[in-house]
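Below, each chain spelled out in residue letters.
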Amino acid sequence: MKIGFYAPLKPPSHPAPSGDRRMARLFMAAMAGLGHEVSVISELRSYNKTGDPATEDATAAAARAEIARLSNTWTANPAERPDLLFTYHVYHKAADYLAPTLKARFGIPYLISEASIAPKHKSGPWAAGYAQAAGAIQAADAILAITTLDRACLVNFVGETKVHTFPPFLDSGPLALAAAQRQAHRQALAAKWNLPQDRPWLLAVGMMRDGDKLASYRRLAEVLKLARTAPWQMLIVGNGPERGTVEAAFSGIQNCTTFLGQLGSESLNAVYAASDIYVWPAVNEAYGMALLEAQAAGVPVLSVATRGVPDIVRHDETGVLTASDDPQVMAQALLSLLKDTPRREAMARRARDHVTGNLSMKAAQERLASILDRLVLAA
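Here's what I pulled together on the structure shown here. (Residues numbered from 1 in each chain as written. Predicted model: local features only at pLDDT ≥ 70, side-chain atom pairs only at ≥ 80, totals over all residues. Heavy atoms only, no water.)

## Some remarks on helix α2 (residues 53-76)
Counted at 1.5 Å a residue, the expected span for α2 with its 24 residues is 34 Å, and the 35 Å between its end C-alpha atoms agrees. Taken as a whole, α2 has its buried residues at E56, T59, A60, A63, E66, I67, L70, S71 and W74. On its buried face, α2 sits against β3 (84-90), α3 (99-106) and α4 (127-139). (Helix = DSSP H or I, 4+ residues; strand = E, 2+ residues; numbered from the N terminus. Expected span 1.5 Å × (residues − 1). Buried < 20%, exposed > 50% of the residue type's maximum accessible area, 1.4 Å probe, protein only. Contact = heavy atoms within 4.5 Å.)

## Focus: the packing of aromatic side chains
Following the criterion strictly, the structure yields 10 aromatic pairs and no others. Seen in terms of ring centroids, F5 and F86 are 5.5 Å apart; in terms of plane orientation they differ by 15°. Their pairing is stacked. Taken as a pair, F5 in strand β1 (residues 2-6) and F86 in strand β3 lie far apart in primary sequence, 81 residues in all. Of the two residues, F5 and F86, neither departs from the other in class, the shared state being buried. Ring geometry for F27 and F86: centres 5.4 Å apart, planes at 50°, overall tilted. You can see F27 sitting in helix α1 (residues 19-33) and its partner F86 sitting in strand β3, a full 59 residues away along the chain. (Phe/Tyr/Trp six-rings, centres within 6.5 Å; stacked < 30°, edge-to-face > 60°.)

## Quick notes on the sheet that holds strand β6 (residues 163-165)
Reading across the sheet, the 6 strands line up as β2-β1-β3-β4-β5-β6 and stay open at both edges, with parallel pairing between neighbours. Either end of the sheet is taken by a strand with one partner, and the two such strands are β2 (37-40) and β6. Between one strand axis and the next, the sheet turns by 25° as a mean value, whatever way the strands run. Relative to β6, strand β5 (residues 142-145) runs parallel, the two sharing 3 bridges. Within β6, the residue paired with L144 across the bridge is H164. Relative to the sheet, α3 contacts β3 and β4 (110-115), its axis offset from that of β3 by approximately 160°. (Pairing = 2+ DSSP bridges. Axes fitted to C-alpha atoms, helices over the stretch in contact; angles between N-to-C directions.)

What follows is the structure in structure tokens.
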């Protein structure tokens, strides 16, 4: 079938790497892999960081122009009209202004993945965005709930029938291949970056920008400073406008911290495979693609049982999730993992199996195929 894809928060072609962009591309790849023709219908970005009314009004005006453009194209050339509209990531800061109107105008089935609804924003700066997002969620024929938290809110808002549990996923093949070459990658990285091989390598991956990412880096530095009673080497992958601030947070432990900068996928996979523990406080993290990638490479995770993290990391099986991001609590959990190599190795095996069996591209395609077919047949 022809699938019209739209991502209002960040289009798949956006130049800045992020978990959101990665997940959008993975959904497109999953549907293409099922034999569907997937095309982006618009790159209109509706993201409104502060809830500024003028920004929301400008988005609404731009959306009307996009709807007119698409309507004219599909009316003049019916063969270009999609059989299904798929919108990725809808919430009050990035509402879908396109698909609800196009669905009503052309009678096209409409699917949303990763929607969330927060009634506390029904009034206040994001009231207009909330209203538009809520209307889109109500108009959708089916919704894929990425996390347990989102599912509960969506079911409460629209009922059980059209909400489907659909955990995050990735193409685990390249990471599994990298994991099979762990020792070679470890030796190459040790030589390139002058890293000690006689101690565990800790890893964190994330953009260095203001807000939650910077807060996570600062908390990570606090945790590591409390865990200096055991030997370790911290590897940090990422870059961004706050890199200087991030590096300053690690003052005092810079001798055992190595900043690798931003890496391409192949180089990053090698770093994952060579590491021993992935450590990330996940401040306000939706779920964390890097946590998923680490497990696919056979790296146990130390993080926090917050928001969607427990949906992808199994506590005491594929990693350790502390109840809070309290630095003392996380540091004690890290020290426990550092001192117990057999436990880490068992977690590494279970992490790979967990991703392959439940969170792989193949698993996602199996879930997605029946949902897509039912939507089009019901239209």
